[in-house]
Amino acid sequence: MDLAKKFIGGKGLGAKILYDTLAPGIDPLSTENIILFMTGPMSGTTAQTAGRWAIVTKSPQTGIFLDSQIGGSFGVYMKRAGYDYILFRGKAEELSYLLVTSEGIEIRSASDLAGKGTFETEEILQERHAKTEVACIGPAGENLVAFSAIMTGRSHMAGRGGAGAVMGSKNLKAVVASGSNKIKAVHQEKFSELTKAFRQKVVEDAGVKHRHDIGTVMWVNISNEAGFLPTRNYQTGVFEEAEAISGETMKEKYVIGHKACFGCRIACGKVTKFTEGKYAGLEVEGPEYETSALIGSNCGITSLPAIAKASHMCDDLGIDTITSGATISFAMECSDKGILQQNDVDNLTFGNEDALHKMLELIAHRQGIGDLFAKGSLGASKELGQNSEEFAIQVKGLELAGVEPRGSWGMALAYSTSDRGACHQRCWTPGAELRGDLPRYSMEGVPKFVIDTQDERAVCGSLVLCDFVPFGVDEMVEMLNAATGFDYTSESYLKTGDRIWNLTRLFNAREGITANDDVLPKRFSKEEMPEGPAKGQIVTEETLNKAKAEYYDLRGWTAEGLPSEEKIKELGL
Ligand code: SF4
């Protein structure tokens with residue numbers, strides 16, 4: 001109970017188990033690595049978005065801490081079977097899946113599923129085991145692609161950092177869960193009251209209405225108008241065809257329904273159908289914003305159906321859409337610059353949707369140049385040389401998400417200090433910058449904002465609730481206390497986030513990470529934004545270093561970016 005109180009569940013408890021279990025320096029794809037399927041204290045309850053769950057492992061893409069939050073219903077089924085978390089280590093002798101029920105667990109052969117996509121895998125397993133949810137990998141995970149994903153419910157993805165490859169390295173094709181246990185809060189009556197009231201708040205929230213109406217892809221037009229929509233491998237922040245791939249266009253022409261994770265009234269997922277042209281007959285969930293930005297504008301793709309097709313392929317092959325888009329756009333720039341010696345894709349250039357789709361297949365199966373780019377943009381740039389690392393758009397090996405840091409300086413610090421490599425889910429500053437809560441093109445107030453958000457998100461990821469719930473800290477604390485019987489205050493809740501953030505930093509420090517790794521790709525400090533509202537902007541090394549120094553100081557870290565002895569003691573680590 002002491003661990004539960006200090007680290008809660010999901011990300012936090014997973015980080016603690018990971019830190020205590022792994023020896024430093026182990027190969028993430030070796031039998032020594034572990035992968036954790038984590039739930040949280042409210043999983044499967046009536047709390048909004050309580051269907052989410054989390055993966056924690058050491059990332060094969062970055063070699064550092066990884067947690068990946070995922071939607072759907074799988075976490076609920078696992079919890080109903082009676083498990084708060086499942087830890088995998090070692091390696092099965094043959095491709096296998098784990099069956100988890102209220103009666104116990106069983107490891108079964110998955111040799112008949114070898115090479116199958118995630119859609120077919122899920123279908124076969126659900127036919128074989130009625131009333132179950134499945135989490136599985138596709139060919140990319142089996143082939144140890146550095147950014148392979150774990151999928152559930154066809155479209156829910158633990159995408160970032162290559163957790164799918166860790167499953168692949170353990171010969172673990174899938175986990176199938178079902179259970180009938182009731183999940184009760186410690187103070188059930190109070191908990192029911194709260195979750196009922198908060199559900200109403202979700203229904204009435206204006207931001208939620210907009211997110212439900214258009215989906216996360218509403219951000220395409222906003223980002224473009226603000227000048228930070230990643231375009232052609234982050235060469236610019238303005239895409240001339242943004243309207244064609246926007247949420248508004250998607251809604252008008254293609255959306256036929258909404259889709260939600262378990263227990264969520266927001267329902268940000270959009271189901272799209274394409275009835276004409278090359279992709280007639282295609283019906284998919286999405287694409288959502290990050291996919292539209294990275295696979296769309298960042299690869300110069302102007303066709304929304306082509307982006308939806310790519311998104312669908314990523315889901316089935318089991319690869320992260322963000323890194324796929326960023327890595328292929330990097331390959332396109334390499335091809336344009338004549339850096340690629342070998343190229344078995346015709347006309348690998350920005351805007352070519354056929355080349356994009358072909359690259360996804362080659363990467364997932366590690367064929368031809370797909371084998372090189374299956375390592376991600378940093379891995380590929382190390383082999384390609386010729387200064388290509390300067391435009392491999394990643395931090396600590398993980399590619400940036402859908403906001404261009406020259407147009408959003410807050411994201412420059414958020415990306416560079418994020419605990420799993422460049423990530424938008426640890427701290428997201430564009431909203432505050434556009435509202436005027438943070439100044440644009442300045443680092444004033446940014447370090448504190450980034451720290452506060454990172455801490456708060458670290459706890460939310462430990463409760464394993466969605467980024468999109470419109471609840472404040474006080475509301476989260478009330479629900480958590482009713483669910484667990486603990487006595488968090490807002491202060492101790494945020495302190496828990498601080499503890500978790502410091503623990504993941506200590507994990508990364510043990511793997512050799514220091515202030516020298518909290519950096520951005522050179523493109524953002526060397527090349528001015530060429531056009532649009534952010535024209536002329538640049539995040540110099542001096543600007544970032546100054547903000548980092550303030551960030552370390554506020555965190556109680558040394559100038560090298562490491563938690564100080566006092567800080568470690570203060571947090572009970
Ligand atoms: S807001 Fe969207 S991602 Fe979050 S739980 Fe609801 S449906 Fe899932």
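Here's what I pulled together on the structure shown here. It should be emphasised that the depicted structure is a prediction, and the values quoted were computed from it without experimental measurement. (Residues numbered from 1 in each chain as written. Predicted model: local features only at pLDDT ≥ 70, side-chain atom pairs only at ≥ 80, totals over all residues. Heavy atoms only, no water.)

1. Some thoughts on the overall build of the protein
Now for step 1: If you tally the helices and strands in the protein, you get 24 helices and 15 strands.
Now for step 2: Across its three principal directions, the C-alpha atoms of the protein cover 60 × 55 × 50 Å.
Now for step 3: Each of the 573 residues in the protein was classed as buried or not, and the buried ones make up 63%.
Now for step 4: Long-range contacts, defined as pairs at least 24 residues apart, comprise 69% of the intrachain contacts of the protein with a sequence gap of at least 6.
Now for step 5: Accessible surface, the protein: about 20,600 Å² in total, of which carbon and sulfur atoms supply 48%.
Now for step 6: On the protein, the mean spot of the 61 positive side-chain charges and the mean spot of the 77 negative ones are 3 Å from each other. (Helix = DSSP H or I, 4+ residues; strand = E, 2+ residues; numbered from the N terminus. Buried < 20%, exposed > 50% of the residue type's maximum accessible area, 1.4 Å probe, protein only. Contact = heavy atoms within 4.5 Å. Areas by Shrake-Rupley, 256 points an atom, 1.4 Å probe, with all protein chains shown as cover. Lys, Arg positive; Asp, Glu negative; His and termini not counted. Charge placed at Lys NZ, Arg CZ, Asp CG, Glu CD.)

2. Considering the site of the ligand
Now for step 1: Contacts to the ligand come from T49, R52, A260, C261, C264, I266, A267, C268, C466 and F468.
Now for step 2: The residue makeup of the shell around the ligand, split by class, is eight nonpolar, one polar and one charged. (Near = heavy atom within 4 Å. Nonpolar A, V, L, I, M, F, W, Y, C, P; charged D, E, K, R; others polar.)

3. Digging into the packing of helix α19 (residues 446–463) against helix α23 (residues 541–555)
For any two helices packed against each other, the geometry is given by the interaxial angle and the distance between the axes.
Now for step 1: Contact pair α19 / α23: the axes reach a minimum separation of 9 Å and the direction vectors enclose 50°. By the angle between their directions, the pair α19 and α23 is classed as oblique. As for how α19 packs across α23, the hand of that crossing is right-handed. In this structure, α19 uses P447, K448, V450, I451, Q454 and D455 to contact α23, whose residues at the interface are A547, E550, Y551, L554 and R555. (Axes fitted to C-alpha atoms, helices over the stretch in contact; angles between N-to-C directions. Parallel < 35°, antiparallel > 145°, perpendicular 65-115°, else oblique. Left-handed = near helix turned anticlockwise from the far one by under 90°.)

4. Remarks on the sheet that holds strand β8 (residues 150–152)
Two pairing modes exist for strands in a sheet, parallel and antiparallel, and in both the strands are linked by backbone hydrogen bonds.
Now for step 1: Across the sheet, which stays open at both edges, the six strands sit in the order β6-β5-β10-β7-β8-β9 with mixed pairing between neighbours. Only two strands of the sheet have a single partner each, and these edge strands are β6 (104–109) and β9 (156–158). Strand-to-strand twist of the sheet, defined as the mean angle between neighbouring strand axes without regard to direction, takes the value 20°.
Now for step 2: Note: strand β7 (residues 133–136) against strand β10 (residues 172–177), four bridges, orientation antiparallel. Each bridged residue has a counterpart across the sheet, and for A135 the counterpart in β10 is V175. (Pairing = 2+ DSSP bridges.)

5. A short note on the nonpolar core
Now for step 1: Counting residues in hydrophobic clusters, the biggest one holds 114 residues, and the most contacted among them are L348, M359, F373 and Y415.
Now for step 2: At eight residues, helix α12 (residues 304–317) tops the list of elements feeding residues into this core.
Now for step 3: If near-sequence neighbours (up to four positions away) are discounted, L348 is found in contact with A331, M332, S335, D336, L340, N343, A355, M359 and I369.
Now for step 4: A50, L463, V469 and A483 belong to the second largest nonpolar core, which has 28 residues in total. (Core = buried A, V, L, I, M, F, W, Y, C linked by side-chain atoms within 4.5 Å.)

6. A word on the environment of G263
Now for step 1: Its place among the elements puts G263 in the loop between β11 (255–259) and β12 (269–273).
Now for step 2: Sequence-distant contacts of G263, defined by excluding residues within four places in its chain, comprise A47, Q48, T49 and A50.

7. Considerations on the pattern of salt bridges
Now for step 1: Summed over the entire model, instances satisfying the criterion amount to 39 salt bridges.
Now for step 2: Here E106 ties to R108 by a salt bridge, and the two come within 2.7 Å at their closest N and O atoms.
Now for step 3: R108 sits in the partly exposed class, given a relative accessible area of 30%.
Now for step 4: Residue E404 pairs with R406 through a salt bridge whose shortest N-O separation is 2.6 Å. Take E404 and R406: they sit in the same class, and that class is buried.
Now for step 5: Taken together, the shared-partner salt bridges in this structure form one network comprising D455, K495, D498, R555, K567 and E570. (Salt bridge = Lys/Arg side-chain N within 4 Å of Asp/Glu carboxyl O.)

8. Here we look at the side chain of S68
Now for step 1: Residue position: S68 is located in strand β3 (residues 65–70).
Now for step 2: In this view, S68 contacts W53, A54, I55, A158, G159, R160 and R420; residues no more than four positions away in its chain are not counted.

9. As for the sheet that holds strand β1 (residues 34–38)
Now for step 1: Spatially, β3-β2-β1-β4 is the arrangement adopted by the four strands of the open sheet, whose pairing is antiparallel. Among the strands making up the open sheet, the edge pair consists of β3 and β4 (85–89). Strand-to-strand, the axes of this sheet are offset by a mean angle of 15°, without reference to chain direction.
Now for step 2: The pairing of β1 with strand β2 (residues 53–58) spans four bridges and is antiparallel. Across the sheet, the residue bridging to F37 is I55, located in β2.
Now for step 3: Docked against the sheet, helix α2 (residues 10–21) engages β1, β2, β3 and β4, running at close to 160° with respect to β1.

10. Digging into unusual backbone geometry
For residues that are not glycine, phi is negative in most cases, and the peptide bond is trans in most cases.
Now for step 1: Here G286 and P287 are connected by a cis peptide whose omega angle stands at 0°.
Now for step 2: Positionally, P287 belongs in the loop between β13 (283–285) and α11 (289–296).
Now for step 3: For L144, which is not glycine, the phi dihedral falls at a positive 60°.
Now for step 4: Locating L144 in the fold gives a position in the loop between α5 (139–142) and β8.
Now for step 5: Judged by its relative accessible area of 31%, L144 falls in the partly exposed class.
Now for step 6: With phi around 60°, N387 is a residue other than glycine that occupies positive phi space.
Now for step 7: Looking at the element boundaries, N387 is found in the loop between α16 (376–384) and β14 (394–395).

11. Some details on helix α21 (residues 490–510)
For an α-helix the count is 3.6 residues per turn, leaving residues at separations of three or four pointing the same way.
Now for step 1: If you check α21, its first and last C-alpha atoms are 30 Å apart, about what 21 residues at 1.5 Å a residue would give, namely 30 Å.
Now for step 2: In the stretch just after α21, G512 is the one whose phi turns positive, near 100°. (Expected span 1.5 Å × (residues − 1).)

12. As for the packing of aromatic side chains
Now for step 1: Scanning all chains against the criterion turns up 15 aromatic pairs.
Now for step 2: For the ring pair F65 and F507, a centre distance of 6.4 Å and an interplane angle of 70° mean the geometry is edge-to-face. Residue F65 is found in strand β3, and its partner F507 is found in helix α21; the two are separated by 442 residues along the sequence. The pair formed by F65 and F507 is uniform in burial state, with each residue classed as buried. (Phe/Tyr/Trp six-rings, centres within 6.5 Å; stacked < 30°, edge-to-face > 60°.)

13. A few points about the environment of N502
Now for step 1: Within the element layout of this structure, N502 appears in helix α21.
Now for step 2: Given a relative accessible area of 1%, N502 falls into the buried group.
Now for step 3: C-alpha of N502 to C-alpha of P230: the two residues are 272 residues apart in sequence and 30 Å apart in space.
Now for step 4: Among residues more than four places away in sequence, those in contact with N502 are R555, W557, P563, K567, L571 and L573.

14. What to know about the packing of α21 against α23
Now for step 1: Where α21 meets α23, the closest approach of the two axes is 12 Å, and the angle between their N-to-C directions is 120°. Relative to α23, the element α21 is oriented oblique. Residues D498, W501, N502 and R505 of α21 pack against Y551, Y552 and R555 of α23.
Now for step 2: Among the residues forming the contact of α21 with α23, the class breakdown is three nonpolar, one polar and three charged.

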